[in-house]
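# Observations on the model geometry
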Amino acid sequence: FSHPKFYCLCLYITGSDLDIPMNVEDISRFGDGNRELFIKSSCYSIIPIIVNESGTTISWVFSSEPKSISFSVVYQESLEAPVEKSKVLIPLTRCNAHKETIQGQLKVRNPGAYLLIFDNSFSRFVSKKVFYHLAIEKPIIYDGSDSP
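In the annotation of an unreviewed UniProt entry, the chain is listed under the name GOLD domain-containing protein and assigned to Erpetoichthys calabaricus.

Take a look at the structure:
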């Protein structure tokens, strides 16, 4: 994901680079613990989530320190899709996640790549830590198997 406005990508999860998108099964194995992102000043981080099934719900909870962070969710049909074809689902919003925990969820309408973006590009000098947790809820499909 590259865009003229964003001039650097800094994505670190617990000290290692994340260059492989997560899928529903990866997030299912998260457990109850938080993950950590380190976002340098003037940079942003993207967590790409690949979803193959409509009706799935992606949930997130995050906090930041020492100050606020901006957050957005963008949809692409695939990670290879051109940026012009991206659809902003949650516009970039400055969150006071250093004062209160931010939580939200999104119901997947179309299979594809859902990009959770933590943006610190507004901060010229202060790097941020983001502590986050993701959860996935797959749609329940009734198959009638409990009928008499």
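Next, the rest of the story.
## Thoughts on the overall build of the chain
The secondary structure content of the chain amounts to 1 helix and 11 strands. Counting helices and strands in the order they occur from the N terminus, the chain gives β-β-β-α-β-β-β-β-β-β-β-β. The buried share of the chain, taken over its 148 residues, is 39%. The contacts of the chain with a sequence gap of at least 6 include a subset with a gap of at least 24, amounting to 84%. A total of about 8,800 Å² of accessible surface is found on the chain, and carbon and sulfur atoms cover 50% of it.

## What to know about the pattern of salt bridges
Pairing between side chains of opposite charge can happen when the charged atoms of each approach one another. All chains considered together, the criterion is met by 2 salt bridges. With a closest N to O distance of 3.3 Å, E25 and K138 form a salt bridge. Of this pair, E25 sits in helix 1 (residues 24-28) while K138 is found in the segment after strand 11 (128-137), placing the two residues 113 residues apart along the sequence. You can call E25 partly exposed: its relative accessible area is 39%. When the shortest N-O distance is used, the salt bridge between E36 and K129 registers 3.9 Å. In this pair, E36 sits in strand 4 (residues 35-39) while K129 sits in strand 11, placing the two residues 93 residues apart along the sequence.

## Structural notes on the environment of L106
Along the chain, L106 falls in strand 9 (residues 102-107). Residue L106 is classed as buried on the basis of its relative accessible area, which comes to 15%. Along the sequence, L106 and L89 sit 17 residues apart, while their C-alpha atoms lie 8.9 Å from each other. Leave out the neighbours within four places in its chain, and L106 touches T56, T57, I58, W60, V73, L89 and Y114.

## Some words on the environment of T57
Within the secondary structure, T57 sits in strand 6 (residues 57-65). By relative accessible area, T57 is classed as buried at 13%. In this structure, the C-alpha to C-alpha distance between T57 and I136, residues 79 residues apart in sequence, is 5.7 Å.

Rules behind the numbers
Residue numbers here run from 1 along each chain, matching the order of that chain's written sequence. This being a predicted model, a pLDDT of at least 70 is required before a residue's local features are given, and a value of 80 or more before pairs of side-chain atoms are given or counted; all residues contribute to the totals for chains, interfaces and linings. The basis for the side-chain values is all heavy atoms of the structure; hydrogens and waters are excluded. For the purposes of this entry, the term helix denotes a DSSP run of H or I that reaches at least four residues, the term strand denotes a run of E that reaches at least two, and both are numbered from the N terminus. Partly exposed describes any residue whose relative accessible area lies between the buried limit of under 20% and the exposed limit of over 50%, with all areas from a 1.4 Å probe on protein chains only and scaled to the type maximum. The contact rule is simple, with two residues in contact once any of their heavy atoms fall within 4.5 Å. The method behind every accessible area is Shrake-Rupley, applied with a 1.4 Å probe, and residues are considered shielded solely by the protein chains displayed. When a carboxyl oxygen of Asp or Glu lies within 4 Å of a side-chain nitrogen of Lys or Arg, that pair is called a salt bridge.

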